[in-house]
Amino acid sequence: MKVLVVDDDFMVAKLHSRYVSAMDGFTVVGVAHSGAEALRAAERLRPDLVLLDIYLPDMDGIAVLRELRAAEEREGRAVSVDALFITAARDAELIRAALRAGALHYLIKPFHRTALQEQLRHVASLRSRLAGLGEARQEDVDHIFGTRPPGSRGLPKGLAAHTAELVERVLRENTAGLSAAECAAAGTLSRVSARRYLEYFATTGRAEISLRYGGTGRPERRYRWTG
C-alpha cells in the first residue's frame, strides 16, 4: 500500500514515515509539508492512503481531503484514496468535519506507534475485504461500516479487536488452513496469542479445527476460516 505522509513538522513527518515503513505491505511514496504540496504529491504519486495533519501552513487538512475527493470526482476515478488524520486538534467540530469529508479514522497526538500501526492494519483489511467482494452480505457491510475503527465490543475480556481482525485476515488468506505457529509467523504475533484468537474463532463458529497426525506426540491443531 502506497502512503503519502502530510505534516508541517519535518521531524514528525519523518517519524510517521518510519512507523509506516516498519509495516510489511506499506511503502511511503512521498512526504508533504503543506496542503498545496500534498495535493501536487497526491496527483503525481496516486497514493492508496494519506496520513493528514489538520494544521498546515496554507490550508487545513480537511480542506485538503475535500479537494482530493473533488479531484477524484472530476476525473472519474474508480478507486479513491483513503485518509487517516494524525493531529493535535481535539475540537469535536473538526472531528465531525473529518468524518464527513471521508476520513477512516482520527488519531490525536501524542500517541504510541502501535495505535498508528493498528489503524494501518485496519485500512489494509478494509481494502482487502472490499477488493474481494462481488456482492456484499449484510455481515460484510456491518464489518466495514460498523467497525470503523473496530472496537472491542463482543470480544471476550483480554482480546483486542485489531488483533482479532489481523488473525481473521491471516485465516482468510490461508484458505487451506494453518496451525497456531504458522498464524503467529504470518501475523507477527506470539504463538500463545495467535492460539487464543484462533480458538475464539473456532468457538464462535467462524473457524473449524482439524487434526494433523504426525509421527509422535500430540496431533497438530489446524484452523480454517469458515466465516
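The following refers to the structure shown. On a predicted model such as this, the values are computed, not experimentally measured, just so you know.

## Digging into the pairing of strand 5 (residues 105-108)
At step 1: Pairing between strand 4 (residues 82-87) and strand 5: four bridges, direction parallel. Across the sheet, the residue bridging to I86 is L107, located in strand 5.
At step 2: Following the chain from strand 4 across helix 4 (residues 92-101) to the adjacent parallel strand 5, one finds a crossover that is right-handed.

## A closer look at the sheet that holds strand 7 (residues 207-212)
At step 1: The strand order 6-8-7 describes an open sheet built from three strands, whose pairing is antiparallel. Here the strands that pair on one side only, and so sit at the sheet edges, are strand 6 (178-179) and strand 7.
At step 2: The pairing of strand 6 with strand 8 (residues 220-225) spans two bridges and is antiparallel. Across the sheet, L178 pairs through a bridge with Y223, a residue of strand 8.
At step 3: Contacting strand 6, strand 7 and strand 8, helix 7 (residues 161-173) crosses the sheet at an angle of about 90° to strand 8.
At step 4: Its contacts with the sheet place helix 9 (residues 191-203) against strand 6, strand 7 and strand 8, and it is angled at close to 60° to strand 8.

## Thoughts on the pattern of salt bridges
At step 1: A complete count under the given rule lists 15 salt bridges for this structure.
At step 2: Here R74 makes a salt bridge to E67, at a shortest N to O gap of 3.1 Å.
At step 3: For E67, a relative accessible area of 30% corresponds to the partly exposed category.
At step 4: Among the ionic pairs, R127 bridges to D82, the shortest N-O distance being 2.6 Å. Of the two residues, R127 is situated in helix 5 (residues 113-131) and D82 in strand 4; the sequence distance between them amounts to 45 residues.
At step 5: Salt bridges linked by common partners bring E182, R212, E220 and R222 together as one network.

## As for helix 8 (residues 180-187)
At step 1: Along helix 8, the residues that are buried comprise A180, C183, A184 and G187. Down the axis of helix 8, the smallest arc covering the buried residues is 100°, so these residues share one side.
At step 2: Along its buried surface, helix 8 packs onto helix 7, strand 6, helix 9 and strand 8.

## Some details on a nonpolar patch on the surface
At step 1: On the surface, a nonpolar cluster with roughly 320 Å² of combined accessible area is contributed by I209, L211 and Y213.
At step 2: Along the chain, Y213 turns up in the loop between strand 7 and strand 8.

## Describing the packing of helix 8 against helix 9
At step 1: It is at 8 Å that the axes of helix 8 and helix 9 come closest, and there the two elements cross at 110°. Taken together, the axis directions place helix 8 and helix 9 in an arrangement best described as roughly perpendicular. From helix 8, A180, A181, C183 and A184 reach across to helix 9, where they touch R191, A194, R195 and L198.
At step 2: Looking at the contact of helix 8 with helix 9, its residues break down into six nonpolar, no polar and two charged.

Rules used in this analysis
Residues numbered from 1 in each chain as written. Predicted model: local features only at pLDDT ≥ 70, side-chain atom pairs only at ≥ 80, totals over all residues. Heavy atoms only, no water. Pairing = 2+ DSSP bridges. Helix = DSSP H or I, 4+ residues; strand = E, 2+ residues; numbered from the N terminus. Right-handed = clockwise from strand over helix to strand, strands pointing away. Contact = heavy atoms within 4.5 Å. Axes fitted to C-alpha atoms, helices over the stretch in contact; angles between N-to-C directions. Salt bridge = Lys/Arg side-chain N within 4 Å of Asp/Glu carboxyl O. Buried < 20%, exposed > 50% of the residue type's maximum accessible area, 1.4 Å probe, protein only. Arc of directions from axis to C-beta. Patch = residues over 30% accessible without salt bridge, like charges linked within 9 Å, V, L, I, M, F, W, Y side chains within 5 Å. Areas by Shrake-Rupley, 256 points an atom, 1.4 Å probe, with all protein chains shown as cover. Parallel < 35°, antiparallel > 145°, perpendicular 65-115°, else oblique. Nonpolar A, V, L, I, M, F, W, Y, C, P; charged D, E, K, R; others polar.

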